[in-house]
Amino acid sequence: MKKLVEIKDVLEFYRMLGFERLPIELKDFNKTDKIKRPVSNEITSIKNCRSKEKALIELRKELGDCKRCKLSQKRLNIVFGEGNPEAKLMFIGEAPGREEDEQGRPFVGEAGMVLTRLIEKMGFKRTDVYIANIVKCRPPMNRDPEPDEIELCKGFLEKQIEIINPKVIMSLGRISAMTLSGINKLKITAIRGKFFYFKDIPVMPTFHPAYLMRNPKDKWLTWNDAQKVLDKLAEK
Ligand code: SF4
């Protein structure tokens, strides 16, 4: 019975998003723009900001001591995201882990070191790019963020993307790719290495650094993906 309720919730979730049938196709993703989103609709003050930096500061103020979803109950710190507001490249993971929760900064643990090495191998510093997550509070026991949590939080990430307007996004792991593509239940092994688009911005899905720590033999695949990103950044 519990499962049936969960399935009903998922279908209801898709119906709210404007989908009339499953599976979802990429071209249907923009329908999500039509839904009333409790988070994004609250964010109005950034429109008057003259710089991206100020707009991000305003957005952080809007987020406040957010209690919009249940992840607020056990978090220590909100992990808003950090980096260059003018970044051409954004990295988007799924959720803060323990060390990120403690420090209030994204990707500062061991997985963060893997990401930092990738960024540097690509010829950048962390301060050149912008790093954020799909949800801004740590899920208990590092579980995957749940659909209701993602739905309540992602408006803030969407605004961050809108403000920064990067040339390319690298999504890290399955949850990030699922959320940005709007495609549920995808396998990261099937879609990594192929660009899709989030509101006209090319997104390169690749493995999460935590996966690469467990499967170092796949690091070369992520490096292949990173090279495609570098090619895209070099395009006029
Ligand atoms: S995860 Fe996002 S929506 Fe949920 S409490 Fe944290 S900031 Fe708010």
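This write-up is about the structure you can find in this document.

Some details on the site of the ligand
Neighbouring the ligand are Leu63, Cys66, Arg68, Cys69, Leu71, Ser72, Arg75, Lys136, Cys137, Leu152 and Cys153. Mapping the ligand onto the cavity grids shows that it belongs to the largest cavity. Of the residues in the shell around the ligand, the class split is seven nonpolar, one polar and three charged.

Side note on the layout of surface pockets
Quantified by volume, the second largest pocket comes out at close to 690 Å³. Taken together, 28 residues make up the lining of the second largest pocket; nearest its centre are Glu94, His208, Ala210, Tyr211 and Arg214. Secondary structure elements with two or more residues in the lining of the second largest pocket: helix H3 (98–103), helix H4 (110–121), helix H6 (174–181), helix H7 (188–191) and helix H8 (209–214). Examining the composition of the lining of the second largest pocket, we find that four residues originate from one element, H8, more than from any other. When grouped by side-chain class, the residues that make up the lining of the second largest pocket number 11 nonpolar, eight polar and nine charged.

Looking at the sheet that holds strand E3 (residues 130–133)
Here six strands make up an open sheet; going across it, the order is E1-E3-E2-E4-E6-E5 and the pairing mixed. Both edges of this open sheet fall to strand E1 (82–83) and strand E5 (196–198), since each of them pairs with a single strand only. The pairing of E5 with strand E6 (residues 201–206) spans three bridges and is classified as antiparallel. Among the inter-strand pairings, Tyr197 is bridged to a residue of E6, identified as Pro202.

Points about empty space enclosed by the protein
Summed over the entire model, instances satisfying the criterion amount to two cavities of 30 Å³ or more. Of the voids in this model, the largest cavity is the one considered here, and its volume is about 120 Å³. If you go around the largest cavity, you meet 14 residues; those closest to its centre are Cys66, Cys69, Lys136, Cys137 and Cys153. By residue number, the principal contributor to the lining of the largest cavity is helix H5 (residues 147–164), which donates three residues. Residues that form the lining of the largest cavity fall into these classes: nine nonpolar, one polar and four charged.

Calculation rules
Residues numbered from 1 in each chain as written. Predicted model: local features only at pLDDT ≥ 70, side-chain atom pairs only at ≥ 80, totals over all residues. Heavy atoms only, no water. Near = heavy atom within 4 Å. 1 Å grid on protein atoms, 1.4 Å probe; cavity = no way out; pocket = protein on both sides within 12 Å on 5 of 7 lines; lining within 4 Å. Sits in = over half its atoms within 2 Å of the grid points. Nonpolar A, V, L, I, M, F, W, Y, C, P; charged D, E, K, R; others polar. Points joined across faces, edges and corners; volume = space filled by probe spheres on them. Helix = DSSP H or I, 4+ residues; strand = E, 2+ residues; numbered from the N terminus. Pairing = 2+ DSSP bridges.

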